[in-house]
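Chain by chain, the residues run as shown.
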Amino acid sequence: MLWGIQADPFVRHTVRDLKIPEQRHPEKARRPDNPQPKKPDWIRVKAPGGKGYAETHKIMRENKLVTVCEEAGCPNVGECWSQGHATMMIMGEVCTRACTFCNIATGKPPEALDAFEPGRVAHAVEKLGLNHVVITSVDRDDIEDGGAEHFAQTIRAVRHRSPKTTIEILTPDFLKCDPSVLEVVVEARPDVFNHNLETVPGLYPEVRPGARYFHSLRLLQRVKELDPSMFTKSGIMVGLGEDRQAVHAVMDDMRAADIDFLTIGQYLQPTPKHHRVDRFVTPEEFKAYEKAAYGKGFLMVSATPLTRSSYHAGDDFARLRAARNAKLGLG
């Protein structure tokens, strides 16, 4: 929540400092600046802080874990971390893709996968006492299976340490892998399989140049074919330049792939080098999208300016499960 890039020669021969924008995003360094418009009142959030936030931060650092909350600059980090809810990001902090919307560092990952990381994630989940955990990752096109087995090992480790915790994964697209790698992840039986489409297909060449819209859609459809009982989830951002008709078409494509849960949130531009914000979508428009999505048959919809894939994920999972039970007449 995506592609090989040519690194800057300076970055290739030095130790990268990912706090420096030019080294964090070498592929964007020469892009012209895009203005960052002032956020409307409905997007303002409180600065992170407080005892709960500090405790979550401490546990993440003690276990040497990376979180997408920090790396992607999520606006909800203060609220979520104050409640002990952090989204684990596995397989390192450097992504082999270069989405123009994303703030995660890009380039050639400097390290192999850490065999002890699944155990550290499981320990942190247990220490935080999570009822529901979201586990995501960078893209690792440099690895033959894209990290599928690493995802499976992490799921199994969390299950072993915290058997009552429900697990939601947000995976890469495994675009360059053998199709069988998806089976490895599904066989580990996460409770929710999430993969974000991110935007409408017409914007893919500009926004997700290393991904393929119909490949991502088919990935989610195959999850349902492999395990019809598994919840599937996907999300898009708005405010990138799409129109309403295109958003509704994506909803139809998702339902054709039997996706259960849709998230829609406002795109927020991380830096002047990232894709520009086309406009800020109003809360009323988000409500209209939510109503339309439920009308198309989604079991669960979260559509607000601050919606993100893992925002309120635990509460949403409980509602998702209740919605399916009601649909099946299980009460």
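Bear in mind the structure is a predicted one, so any value in this text is a computation, not a measurement.

## Regarding the overall build of the chain
Next up, step 1: For the chain, the helix and strand inventory stands at 13 helices and 10 strands.
Next up, step 2: Buried positions account for 54% of the 331 residues belonging to the chain.
Next up, step 3: When the accessible surface of the chain is summed, it comes to about 15100 Å², and 54% of that surface belongs to carbon and sulfur atoms.

## Section: the environment of T166
Next up, step 1: Tracing the sequence through the fold places T166 in strand β6 (residues 166-170).
Next up, step 2: The spacing of T166 and F317 is 151 residues in sequence and 8.8 Å in space, taken between C-alpha atoms.
Next up, step 3: At 2.7 Å, the side chain of T166 and the side chain of H132 are in polar contact.

## Focus: the packing of helix α6 (residues 117-128) against helix α7 (residues 148-161)
Next up, step 1: Remark: α6 packs on α7, axes separated minimally by 8 Å, with the N-to-C direction vectors making an angle of 35°. Note that α6 runs across α7; the crossing there is right-handed. Together, E117, P118, G119, V121, A122, H123, V125 and E126 of α6 and H150, Q153, T154, A157, V158 and R161 of α7 make up the contact between the two elements.
Next up, step 2: The residue inventory of the contact of α6 with α7, partitioned by class, reads 6 nonpolar, 5 polar and 3 charged.

## Section: a negative patch on the surface
Next up, step 1: On the surface, E144, D178, E183 and E187 cluster together into a patch of negative charge.
Next up, step 2: Here E144 lies in the loop between β5 (132-137) and α7.

## Quick look at the confidence of the model for the chain
Next up, step 1: Averaged over every residue, the pLDDT of the chain is 87; the share at 70 or more is 85%.
Next up, step 2: The low-confidence segment residues 1-14 (pLDDT under 50) makes 40 contacts with residues lying over four places distant or belonging to another chain.

## Description of empty space enclosed by the protein
Next up, step 1: Approximately 40 Å³ is the volume attributed to the second largest cavity.
Next up, step 2: Lining of the second largest cavity is provided by R97, D139, R140, D141, G146, P172, D173, F174, K176 and C177.
Next up, step 3: Partitioning the lining of the second largest cavity into residue classes produces 3 nonpolar, 1 polar and 6 charged.

## Describing the environment of V281
Next up, step 1: Structurally, V281 can be placed in the loop between β9 (261-266) and α12 (283-295).
Next up, step 2: Linking V281 and G265, residues 16 residues apart in sequence, is a C-alpha distance of 9.0 Å.
Next up, step 3: Dropping the residues within four chain positions of it, V281 is found in contact with W42, V238, G239, Q266 and F286.

Here is what the cut-offs are and how they apply
- Residues numbered from 1 in each chain as written.
- Predicted model: local features only at pLDDT ≥ 70, side-chain atom pairs only at ≥ 80, totals over all residues.
- Heavy atoms only, no water.
- Helix = DSSP H or I, 4+ residues; strand = E, 2+ residues; numbered from the N terminus.
- Buried < 20%, exposed > 50% of the residue type's maximum accessible area, 1.4 Å probe, protein only.
- Areas by Shrake-Rupley, 256 points an atom, 1.4 Å probe, with all protein chains shown as cover.
- Polar contact = N/O pair within 3.5 Å; in protein donor to acceptor, adjacent residues only side chain to side chain.
- Axes fitted to C-alpha atoms, helices over the stretch in contact; angles between N-to-C directions.
- Left-handed = near helix turned anticlockwise from the far one by under 90°.
- Contact = heavy atoms within 4.5 Å.
- Nonpolar A, V, L, I, M, F, W, Y, C, P; charged D, E, K, R; others polar.
- Patch = residues over 30% accessible without salt bridge, like charges linked within 9 Å, V, L, I, M, F, W, Y side chains within 5 Å.
- Salt bridge = Lys/Arg side-chain N within 4 Å of Asp/Glu carboxyl O.
- Lys, Arg positive; Asp, Glu negative; His and termini not counted.
- Charge placed at Lys NZ, Arg CZ, Asp CG, Glu CD.
- pLDDT = per-residue confidence, 0-100.
- 1 Å grid on protein atoms, 1.4 Å probe; cavity = no way out; pocket = protein on both sides within 12 Å on 5 of 7 lines; lining within 4 Å.
- Points joined across faces, edges and corners; volume = space filled by probe spheres on them.

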